Structures are given as structure tokens and as C-alpha cells.
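# Observations on chain architecture
The lines below spell out each chain.
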Amino acid sequence: MSKETTRNKTYWLETYGCQMNKAESGFLEYELQERGWSQAGSPAEAEVVVLNTCSVRKTAEDRIWGRLGFFKAEKKRHAFRLVVMGCMSERLKQEILDDAPQVDLLVGNFQKHRLVDVLEHGDEAPVADRSSNRRSPHHRSVHQEAHLVDPGEYRFAERHSLSGFQAFLPIMHGCDNFCTYCIVPYVRGSEVSRSPESIIEEIRRLQSPTDDPTRQVVREITLLGQNVNSYSYREGDRTIVSFSELLRRVVPILQDKTWLRFLTSHPKDMSVELIELIAAETALCRHIHLPVQHGSDRILEAMGRKYTRGHYLALVEKIRKTIPEVSLTTDILIGFPGETEEDYRLTLELMKEVRFDDAFTYRYNPREGTKAFELGDDVPEAVKQERLSGVIELQRRISRAGKRRKLGTVVEVLVEGVSKKSSAELLARTEGDEMVVFPGSPDRIGSFVRVRLKPLEGSTLRGEPIGE
Ligand code: SAM
Ligand code: SF4
Ligand code: F3S
């Protein structure tokens, strides 16, 4: 890096994938800005371009390959350093080293916290840095060693956001579940839980009063983990802090009105204790994202989900009985190897029975290295697409009917921004994770507003602010 570019200290950061990646990007931005870096107005003005990547599906990786092509062309126009970080640098590090010479630095998930040091003192690069030592086997092996370090060494950052009224805090990292289709345990390593002390300290810091008029009051905190229900932290010699216990410690320290959310819950680990806690604590949002993935026991077993359809339905019943106003969302994965029409039908049936408020729906995509990869990919793409469309259409109908039932009621929403369709309207989210559009001025962004729900337009919930 030349002296001149070092002084420049501008970055462009693109984040792909899940909330965990977004939180880690938040930490990176915090670090960069603490050390005097500023965000460039466009990639063309940046000294460093960082792509924080995702490997969960081929489509996610294809987008990154596309961006790598774009930045390859950009490199012919001006000089900058290109960094690929995150899950794709774990899964495809060799391919990136071999096929993307435009990439200067590869940073895996266990080295993200070192990136700013590496950018500022490139010669001590503990990651694969080909600008200082082009493709030297030494650097590659250092990267691979780093990749192979005990995943327990994942280092949680202490801060994950610069500003804003919504904060995403990782409370654990990795996953021990090894669902047979999923790459996450391979790119994130085994589960490790962050200490309650560090989580509480970050929340206190986020909500501490400040003289900085640009800093917004934090109104919503989302605790993150691939399976938050298996959060488990050993304190001292004996005490194990469970997820419910962690929540019990977090709730009393929240300042003013703050919504507390968490993602993601695994149906095999969701405890009655947690369900009862959500019912009892008003700070905990009445929303549970509970990925079911499939409605057929045969497929659930082949997916390694470790629960049955019956278990899931009983869990939903318990949740709805204990928290009647709860909103339930899910993930559905269609086209797993061996999926028959009957399996598909069972999934539709389950959706009709549960009546999810919303669902994220995916088409199975084989990931090399996972167990399911060895099963082949025998559901033809056209069939997967047809079934996926069926699932999406059914969910749309269920969601709309659910929304219609709420019309006329008054709900509290947190205003997130200005509507894309009209600058005179605001976009806000309910406790149940539903979006509502209503007229208002942007100075309400980041505050709670009570709105009465009005008739739907398309599938958009509209509201009218109360008391105006
Ligand atoms: N930990 C969460 C859980 O257990 O539900 C999910 C994490 S994963 C990043 C998000 C979603 O991606 C999964 O729920 C699954 O539906 C989907 N997914 C994972 N692997 C996939 C694959 N190989 N093809 C398509 N979708 C996949
Ligand atoms: Fe992937 Fe399953 Fe872990 Fe979720 S629980 S991250 S789907 S292996
Ligand atoms: Fe993607 Fe990695 Fe998250 S693979 S979904 S960014 S854990």
C-alpha cells in the first residue's frame, strides 16, 4: 500500500447473507471508523473494497462471483485493494486464490477481527495476502492454519454497530446441528456462546446516554445465533447460563422502551421455559421465527432436523396457547433429494394447519461437503420451481388472510424508514415482524408510533397514526 493511499483511508463494504454477517460488518465499520477510516461515496472512490460473503446457496455465491468480475474490470481503471471476507472465503478459498487474481486479501470467519490491523500493517498479514507475497504457499498455509484453528477461538467483537436505533448482537457463533443440506457448520465451525457479561456490557453501552446528537436512541435489539436455544455459557466452575437465563438478565437492564428480539430458534431445542418467559416479559417481542423446513417426517429425518412433524405441531400449539397474540414465521426448504409429491403435499398441509404469519421459502441447492450432497439432486429444477411456487402462493394467501383479520386493530410499530413508493409515507415494523406503511414525516424514524390498521392494498398493511 502506498503512503498516499494509506492516508486516504476510505472503504466500501458490501454485505451478503444472514444477520450474523451484517452484525460482523457492523463491527468492521465500527473498527474502521474508530481508526480514522471513512465510508467512500462509491466503490470507485474507495481505497479498500470489502465483500462480506455468504455460501449458503449457489445463488449467493454467484452474486459474489459477479461482483468479483465487476471489480476486476474496476481494477483496470483505478487502484484499490479488494478483500473477500466471510463464509465464501472459508468454503472456496482455493478457487478464489486460483481464479480471482484481482482479490488481494482473503479473510475467513475466524480472522475477521484482524482485518483492520492487516489493512493498516499489510506486511504482517495473518491472512492470505497475495499483494505482499503473491500466492506464496506460506501465506496460503497460514490462512489454512487459521481456518483450522479450534473454532472455539472465534472472537466475539465487543461492539457491533456504529449508530442507528436497531442493533444486532451475536450471542453465539457456529452451529453443531449439521442439518444434512447446510454448509453453515462447515464455514462457521462449532457452537460457542458469548459471555453474558460481554453481551450485557454491549447493551449497556448501546443504551448509555451520549452528548452526540447524531447518535440515535437504540429502540430494538436482536440477539443472534444460528440456534439461540442452545446458547449455553459456563460461568465459573458450575453454573450454566441458558438462553432463558440470559434473557432474564438482559431484560432488566434495558433502558426506556426497547424491543428485544432473537433469531433463530430451533424446534428441537425450544423450551417451555422460554415460551413462558416470552409470555411474561413485555420487552420480548411476541414473534418467534421457528424454521420448520418441511412437513414430511421422512424428509425431516433425511434433513437431520431431529424433530418430527408431530413435535413441531405440538410446539406450535403450546406456543399459541401460552402467547395467543404471537406471530410465527418460518423457513421452508423445497426440493430436498427424494422429495415426492406426497412429501410436498404434507408440507402444504402443515402450512395450512399452522397458518404461519410469514415464510421464507427456498429451493434446495446441493452444497459440496454436506451429507445431502452425496444423495444427489434428483428433484428436477422445473419440479422444484413448481412446488416452490405452490408454497409461495399458499403462504401469500395465508399471510393476507392473517393480515385481514387484524384490520381495525391498533398496533404499535417502530418506524424504520421512508416508504420506497412515496416519500410522504413511512415504513414501520410491528412487534410481530410485519411491515406497515402509513403517512408521516421522516423525523419519526426510530420512534414508536401507534397506528390503526386499515384495509390492505395488495399485500401491504396500511395504518393510520392514532391521536393525530
Ligand atoms: N439456523 C437456521 C435454522 O436452523 O433454521 C437457519 C440458517 S440458514 C442460514 C437459513 C435458511 O437457509 C435455512 O433455514 C434453510 O431453509 C436455507 N438453506 C440452508 N441450506 C440450504 C441449501 N443447501 N439450499 C437451499 N436453502 C438452504
Ligand atoms: Fe444450518 Fe441446521 Fe445449523 Fe440452521 S441449524 S445453521 S439449518 S445446520
Ligand atoms: Fe451465509 Fe454464512 Fe450466514 S453461509 S447465511 S453468511 S453463516
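Up top you'll find the structure we're talking about.
I will try to describe carefully the structure that is included in this document.

Cut-offs applied
Residues numbered from 1 in each chain as written. Chains lettered and ligands numbered in written order. Predicted model: local features only at pLDDT ≥ 70, side-chain atom pairs only at ≥ 80, totals over all residues. Heavy atoms only, no water. Helix = DSSP H or I, 4+ residues; strand = E, 2+ residues; numbered from the N terminus. Rg over C-alpha atoms; globule rule 2.2 N^0.38 Å. Buried < 20%, exposed > 50% of the residue type's maximum accessible area, 1.4 Å probe, protein only. Areas by Shrake-Rupley, 256 points an atom, 1.4 Å probe, with all protein chains shown as cover. Lys, Arg positive; Asp, Glu negative; His and termini not counted. Charge placed at Lys NZ, Arg CZ, Asp CG, Glu CD. Contact = heavy atoms within 4.5 Å. Near = heavy atom within 4 Å. Nonpolar A, V, L, I, M, F, W, Y, C, P; charged D, E, K, R; others polar. Pairing = 2+ DSSP bridges. Axes fitted to C-alpha atoms, helices over the stretch in contact; angles between N-to-C directions. Salt bridge = Lys/Arg side-chain N within 4 Å of Asp/Glu carboxyl O. Expected span 1.5 Å × (residues − 1). Arc of directions from axis to C-beta.

## Details of the overall build of the protein chain
Broken down by element type, the protein chain carries 15 helices and 21 strands. Relative to the 2.2 N^0.38 estimate, which gives 23 Å for 468 residues, the radius of gyration of the protein chain is 23 Å and therefore close to what a compact globule would have. For the protein chain, the spread of C-alpha atoms along the three principal axes comes to 60 × 60 × 55 Å. Here the protein chain holds 468 residues, and the buried ones make up 53% of them. Counting only carbon and sulfur atoms, one obtains 49% of the accessible surface of the protein chain, whose full area is about 21,100 Å². Separation between the mean location of the 68 positive side-chain charges and that of the 71 negative ones in the protein chain comes to 3 Å.

## Side note on the environment of Phe 71
Mapped onto the elements of the fold, Phe 71 is located in helix α3 (residues 58–77). Judged by relative accessible area, which is 1%, Phe 71 ranks as buried. Measuring from C-alpha to C-alpha, the distance between Phe 71 and Val 49 comes to 8.9 Å, with 22 residues separating the pair along the chain. Those residues within four positions of Phe 71 in sequence are excluded, and the remaining contacts are Glu 14, Pro 43, Val 49, Leu 51, Phe 80 and Leu 82.

## Some details on the site of ligand 3
Looking at ligand 3, the residues that line it are Cys 18, Asn 21, Thr 53, Cys 54, Ser 55, Val 56, Cys 87, Arg 188 and Gln 226. For the shell around ligand 3, a count of residues per class yields four nonpolar, four polar and one charged.

## Here we look at the sheet that holds strand β18 (residues 425–430)
Pairing is mixed around the closed barrel formed by five strands, whose spatial order is β17-β18-β19-β21-β20. Averaged over all adjacent pairs, the angle separating strand axes in this sheet is 55°, with direction ignored. The sheet contact formed by strand β17 (residues 410–418) and β18 spans five bridges and is antiparallel. Counterpart to Leu 414 in the pairing with β18 is Arg 429.

## Comments concerning the site of ligand 2
Residues in contact with ligand 2, as listed here, are Cys 175, Asn 177, Phe 178, Cys 179, Tyr 181, Cys 182, Val 184, Pro 185, Gln 226, His 266 and Arg 305. When the residues that make up the shell around ligand 2 are grouped by side-chain class, the tally is seven nonpolar, three polar and one charged.

## Concerning the pairing of strand β12 (residues 239–242)
Bridge count for strand β11 (residues 232–235) against β12 is four bridges, and the pairing is antiparallel. Paired with Tyr 233 across the strands is Val 241, a residue of β12. Linking two consecutive strands that pair antiparallel, namely β11 and β12, is a turn of three residues; a positive phi of about 65° is found at Gly 236 within it.

## Regarding the pattern of salt bridges
Summed over the entire model, instances satisfying the criterion amount to 39 salt bridges. Residue Glu 24 is joined to Lys 112 by a salt bridge in which the shortest nitrogen-to-oxygen separation is 2.3 Å. Of this pair, Glu 24 sits in helix α2 (residues 19–34) while Lys 112 sits in the loop between β5 (105–107) and α6 (115–120), and the two are 88 residues apart along the sequence. Of the two residues examined, Glu 24 and Lys 112, each falls in the buried class. Here Glu 457 ties to Arg 462 by a salt bridge, and the two come within 3.1 Å at their closest N and O atoms.

## Quick look at the pairing of strand β19 (residues 435–439)
Along a regular strand, successive side chains alternate from one face of the sheet to the other. Direction of pairing for β18 relative to β19: antiparallel, over a ladder of five bridges. Counted as the bridge partner of Leu 426 is Phe 438 from β19. Note that β19 and strand β21 (residues 460–465) share two bridges and pair parallel. Residue Val 436 lies in a different strand from β21, and its bridge partner there is Leu 461.

## Concerning helix α14 (residues 341–354)
Spanning 14 residues, α14 covers 20 Å between terminal C-alpha atoms, matching the ideal 20 Å at 1.5 Å per step. Restricting attention to buried positions, one finds in α14 the residues Asp 343, Tyr 344, Thr 347, Leu 348, Leu 350, Met 351 and Val 354. Each buried residue of α14 lies within a common arc of 160° when the element is viewed along its axis, so the set occupies one face. Phi turns positive one or two residues past the end of α14, at Arg 355, with a value near 55°.

## Looking at unusual backbone geometry
In this structure, Thr 264 follows Leu 263 across a cis peptide bond, with omega equal to -5°. As for its placement among the helices and strands, Thr 264 is situated in the loop between β13 (259–263) and α11 (272–280). Despite not being glycine, Gln 293 has its phi angle at roughly 70°, a positive value. Position of Gln 293 among the secondary structure elements: in the loop between β14 (287–289) and α12 (297–303). For Lys 306, which is not glycine, the phi dihedral falls at a positive 65°. Within the fold, Lys 306 resides in the loop between α12 and α13 (309–322).

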